[in-house]
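Reading the structure
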Amino acid sequence: MTCRRLVLPVLCLLLAVLGTAGQAQAVGYRYWSFWDRNSTADTADTADTWVYATQGPSTARPSDGDVQGFRFSVSEDSKASAKPRGAADFATICAKTPAREGSKRVGLVLDFGTTADAPSGSTPPRPRTACARIDDDATTADALAAVAKPLRYDTNALLCAIAGYPTTGCGEPVADDRPKAKASPGEEAEANSKPGNGDENGGPSVGLLAGIAAVAALGAAAVWQARRRRD
């Protein structure tokens with residue numbers, strides 16, 4: 001049956017909104033995201049200094065003085081992906097690695113994520129930085145291989161593990177209702193600073209529920225009006 005009469009379009013809209021509510025607990029993916037440090041940004045606000053990389057580490061070719069980051073987390077897509085933490089800049093990361101002709105230095109920020117995002121039974125290592133000295137034409141993957149072995153890739157060249165973490169898994173789907181581990185005060189502050197679309201239990205937001213109620217009211221009014229016209 002199609003939504004052609006007066007009542008049915010409203011009811012179809014209600015079903016669409018309810019469907020949106022059901023999608024609130026979407027499935028995310030556990031993986032290493034790759035970021036470029038924006039050197040022109042205000043370094044006082046570290047949340048705004050990272051830009052999601054447009055290339056993979058095996059094709060990206062950073063320049064001397066660049067800073068790149070990796071963050072292990074669970075997210076639905078790149079827009080919602082957690083950024084690397086820490087304010088270290090290139091001068092700090094590579095302070096003990098002098099320039100050398102015929103090579104370049106790349107600062108790497110390696111953020112192994114939170115306990116909430118870790119695979120079952122795993123404990124993420126502490127975030128760290130590393131300065132990689134590599135050939136002028138080397139890629140970010142080469143920089144990782146120089147300072148963060150062992151690396152693990154899948155058959156599609158997706159980066160699965162940095163410095164051996166995690167030991168298993170690679171971009172696997174993770175249900176949004178997975179158990180939440182208690183975060184550290186720093187992790188809680190980071191999470192609380194991000195606007196959310198749902199309640200604290202991962203369900204539909206108050207605004208979404210209000211929208212559902214409004215559409216339901218419109219549907220009831222349309223049914224009443226249709227019956228009145230028939231009478």
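Everything here concerns the structure above.
Description of the structure in this document. (Residues numbered from 1 in each chain as written. Predicted model: local features only at pLDDT ≥ 70, side-chain atom pairs only at ≥ 80, totals over all residues. Heavy atoms only, no water.)

**Side note on the overall build of the protein chain**
For the protein chain, the count of helices and strands is five helices and eight strands. Along the protein chain, from the amino end to the carboxyl end, the secondary structure elements read α-β-β-β-α-β-β-α-β-β-β-α-α. Within the protein chain, the fraction of its 231 residues that count as buried is 35%. Long-range contacts, defined here as pairs at least 24 residues apart, represent 66% of the contacts in the protein chain between residues at least 6 apart. When the accessible area of the protein chain is evaluated, it comes to approximately 13,800 Å², of which 53% is carbon and sulfur surface. (Helix = DSSP H or I, 4+ residues; strand = E, 2+ residues; numbered from the N terminus. Buried < 20%, exposed > 50% of the residue type's maximum accessible area, 1.4 Å probe, protein only. Contact = heavy atoms within 4.5 Å. Areas by Shrake-Rupley, 256 points an atom, 1.4 Å probe, with all protein chains shown as cover.)

**Section: helix 3 (residues 140–147)**
Counting along an α-helix, one turn takes 3.6 residues, and residues three or four places apart therefore face a common direction. Of the residues making up helix 3, those classed as buried are T140, A141, A143 and L144. Along helix 3, the residues classed as buried sweep out an arc of 155° about the axis, all on the same side. In this structure, the buried side of helix 3 is in contact with strand 1 (28–37), strand 3 (67–75), strand 4 (103–111), strand 5 (128–135), strand 6 (152–153) and strand 7 (159–161). If you check the start of helix 3, you find a side-chain oxygen 3.4 Å away from the backbone N of A141, and it comes from T139. (Arc of directions from axis to C-beta. Polar contact = N/O pair within 3.5 Å; in protein donor to acceptor, adjacent residues only side chain to side chain.)

**Looking at the pairing of strand 1**
With eight of its ten residues buried, strand 1 lies for the most part within the structure. In the sheet, strand 1 pairs with strand 8 (residues 173–174) via two bridges, with the strands oriented antiparallel. Bridging from a neighbouring strand, G28 pairs with V174 of strand 8. The pairing of strand 1 with strand 3 spans eight bridges and is antiparallel. For Y29, the partnering residue across the bridge sits in strand 3 and is S75. Pairing analysis gives three bridges linking strand 1 to strand 2 (residues 50–52), with the strands arranged antiparallel. The partner of R37 across the bridge, within strand 2, is W50. (Pairing = 2+ DSSP bridges.)

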